[in-house]
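Fold and contact review
If you want the building blocks of each chain, they are given just below.
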Amino acid sequence: MPVVLAPVNPYDWRPQAGGTLVVAVAAGCLVLAVAVGVARARPLVALVIALVMGPWASSEALATVQLWPMNHSAKIGPLNGFTPAVITLSYLAGARMERARPAVLLYGVIVVVGGVCAAVSTLGPAPSLEPNVWVSGLSGVVICSALPWAVGRSARHRRRGRVRERLMVEEQARLRERARIAQDVHDSLGHELALIALRAGAMEMAADLPARHRQAAAGLREAAGDATERLRRVIGMLRAEDEPVSLLPHARAGGIAGLVERARASGMTVSLDGDADGGDPLGAAYRVVQEGLTNAAKHAPGAPVAVRLDRREGQVMVTVRNDAGPGAEGARPGTGLVGLSERVRLAGGTFQARAEGGMFEITAGIPDEAPA
């Protein structure tokens, strides 16, 4: 760029020509090459080099003003062959510097010292310099260096802000995925623990087992119940109140029919009516039946459970009904039912859980296909 713009001597008002111009261009290119070489590792050093070479007296400027009340004209924002380098290196210094204080101190020293020198040399009893020299130099520092540096600093803040925002979004995505995994663990592992407790309860009541075996079964049942409760509390602490629930569960092989068979094998009395082999693209129907069987095993052990699936008009109506345990009508829904309600709602369906007439019933209407 200095070669194209044919730079003048930045410390002289007169343009250069002939051999002097060639030397000035070669020296300027060499100095700028050094500045560019250190600009990334030492942006402040490159800025100082650019200021030493750049925005001082010149034959061209952005504007010419009349200094009042003195009869002098001054150039605002001098332009020479080093101006593009001053602007570029100043911008890069603002964008690359970790701390702003060194550059602020540098500009402050230039403006303060330059202002004092201007006042002494131009306004004193024996002026030694014309006012236009100081006005041109200081305006060049402010317009061609300080302003681009501030723009670069602003760009740096915006870039770092975007990086922080991206990192926050990634962290939130990781936390949401962990919460979804925790919810799936609660749904699947809690169900299996409830079945273990049910089987242990059956062994505890078996008359043909020795007393020590029945006592061990009782301890197993209590341990499974305690583990289920601790699991519920831990999942409740990990899952945020506004955290959405994943729609696709890690359903075991066999679907709803396999789930009912495993419950029967554990000692529960479960009847299944309807088409259990139909599609369940969202996995919500599986979770409704799983949660219903888990609640029945936990709150009404030994009570028969009726599971019904009706498929009509693009919906799957899932109903899980069993005898309610003591105090069920006044009990508040647990986190399992709350999460299940949210899962069905996100699937575009309806959910209801109620206890009346000595019976507890879960009813859900779920779309028969995944929404677009």
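That block above? That's the structure.
Described in the following lines is the structure provided in the data block. Quantities reported herein were computed from a predicted structural model and do not represent experimental measurements. (Residues numbered from 1 in each chain as written. Predicted model: local features only at pLDDT ≥ 70, side-chain atom pairs only at ≥ 80, totals over all residues. Heavy atoms only, no water.)

Once that is clear, we can look at the overall build of the protein. If you tally the helices and strands in the protein, you get 10 helices and seven strands. Here the protein holds 372 residues, and 38% of them are scored as buried. Partitioning the contacts of the protein with sequence separation of at least 6, the portion at a separation of at least 24 is 70%. Total accessible area on the protein stands at roughly 20,400 Å², and carbon and sulfur atoms take up 61% of it. (Helix = DSSP H or I, 4+ residues; strand = E, 2+ residues; numbered from the N terminus. Buried < 20%, exposed > 50% of the residue type's maximum accessible area, 1.4 Å probe, protein only. Contact = heavy atoms within 4.5 Å. Areas by Shrake-Rupley, 256 points an atom, 1.4 Å probe, with all protein chains shown as cover.)

Turning our attention to a positive patch on the surface. Residues Arg158, Arg159, Arg160, Arg162 and Arg164 make up a contiguous surface patch of positive charge. Looking at the element boundaries, Arg164 is found in helix α6 (residues 131-205). (Patch = residues over 30% accessible without salt bridge, like charges linked within 9 Å, V, L, I, M, F, W, Y side chains within 5 Å. Salt bridge = Lys/Arg side-chain N within 4 Å of Asp/Glu carboxyl O. Lys, Arg positive; Asp, Glu negative; His and termini not counted. Charge placed at Lys NZ, Arg CZ, Asp CG, Glu CD.)

This paragraph deals with helix α3 (residues 43-53). Along α3, the residues classified as buried are Pro43, Ala46, Leu47, Ala50, Leu51 and Met53. In a view along the axis of α3, the buried residues occupy a sector of 165 degrees, so they form one face of it. (Arc of directions from axis to C-beta.)

What follows is about the pattern of salt bridges. Under the definition given, this model contains eight salt bridges. One salt bridge in this structure joins Arg264 and Glu261, with 2.9 Å as the shortest N-O distance. Separated by three residues within a single helix, Arg264 and Glu261 lie in helix α8 (residues 255-265), roughly one turn from each other. Accessibility expressed as a relative area gives 45% for Glu261, which makes it partly exposed. Here the residues in one salt-bridge network are Arg321, Arg354, Glu356 and Glu361, joined through shared partners.

Looking now at the environment of Ser271. Within the fold, Ser271 resides in strand β3 (residues 270-274). The exposure class assigned to Ser271 is partly exposed, which follows from its relative accessible area of 32%. In this structure, the C-alpha to C-alpha distance between Ser271 and Val307, residues 36 residues apart in sequence, is 5.9 Å. The residues touching Ser271, leaving out its near neighbours within four places in the chain, are Arg264, Val305, Ala306 and Val307.

Glancing now at the sheet that holds β3. If you walk across this open sheet you meet the five strands as β3-β4-β5-β7-β6, and the pairing is mixed. Edge strands, defined here as strands with exactly one partner in the open sheet, are β3 and β6 (350-356). Strand-to-strand twist of the sheet, defined as the mean angle between neighbouring strand axes without regard to direction, takes the value 10 degrees. Sheet topology note: the β3/strand β4 (residues 305-312) ladder contains five bridges and is parallel. Bridging from a neighbouring strand, Gly274 pairs with Leu309 of β4. Here α8 sits on the sheet and contacts β3 and β4; the angle it forms with β3, its principal contact strand, is near 160 degrees. (Pairing = 2+ DSSP bridges. Axes fitted to C-alpha atoms, helices over the stretch in contact; angles between N-to-C directions.)

Turning our attention to the packing of aromatic side chains. Describing an aromatic ring pair means giving the distance of the ring centres and the angle of the ring planes. Counted by the stated rule, this structure contains one aromatic pair. Judged by centre distance (6.1 Å) and plane angle (70 degrees), the rings of Tyr107 and Trp149 are edge-to-face. Separated by 42 residues along the polypeptide, Tyr107 in helix α5 (residues 101-123) and Trp149 in helix α6 bring together distant segments of the chain. Given the relative accessible area of 8%, Tyr107 is considered buried. Taking the relative accessible area as the measure of exposure, Trp149 reaches 9% and is therefore buried. (Phe/Tyr/Trp six-rings, centres within 6.5 Å; stacked < 30°, edge-to-face > 60°.)

A few words on a nonpolar patch on the surface. Nonpolar side chains collect at one region of the surface, where Leu62, Leu79, Val111, Val142 and Ile143 lie side by side and expose about 380 Å² of accessible area between them. Note that Leu62 resides in strand β1 (residues 60-67).

This part is about the pairing of β4. For β4 and strand β5 (residues 315-323), the ladder comprises eight bridges, and the chain directions are antiparallel. Within β5, the residue paired with Val305 across the bridge is Asn322. Linking β4 back to β5 in an antiparallel pair, the connection comprises two residues, with Glu313 at a positive phi of about 55 degrees.

Geometric descriptors of this kind do not, in isolation, establish any biological role.
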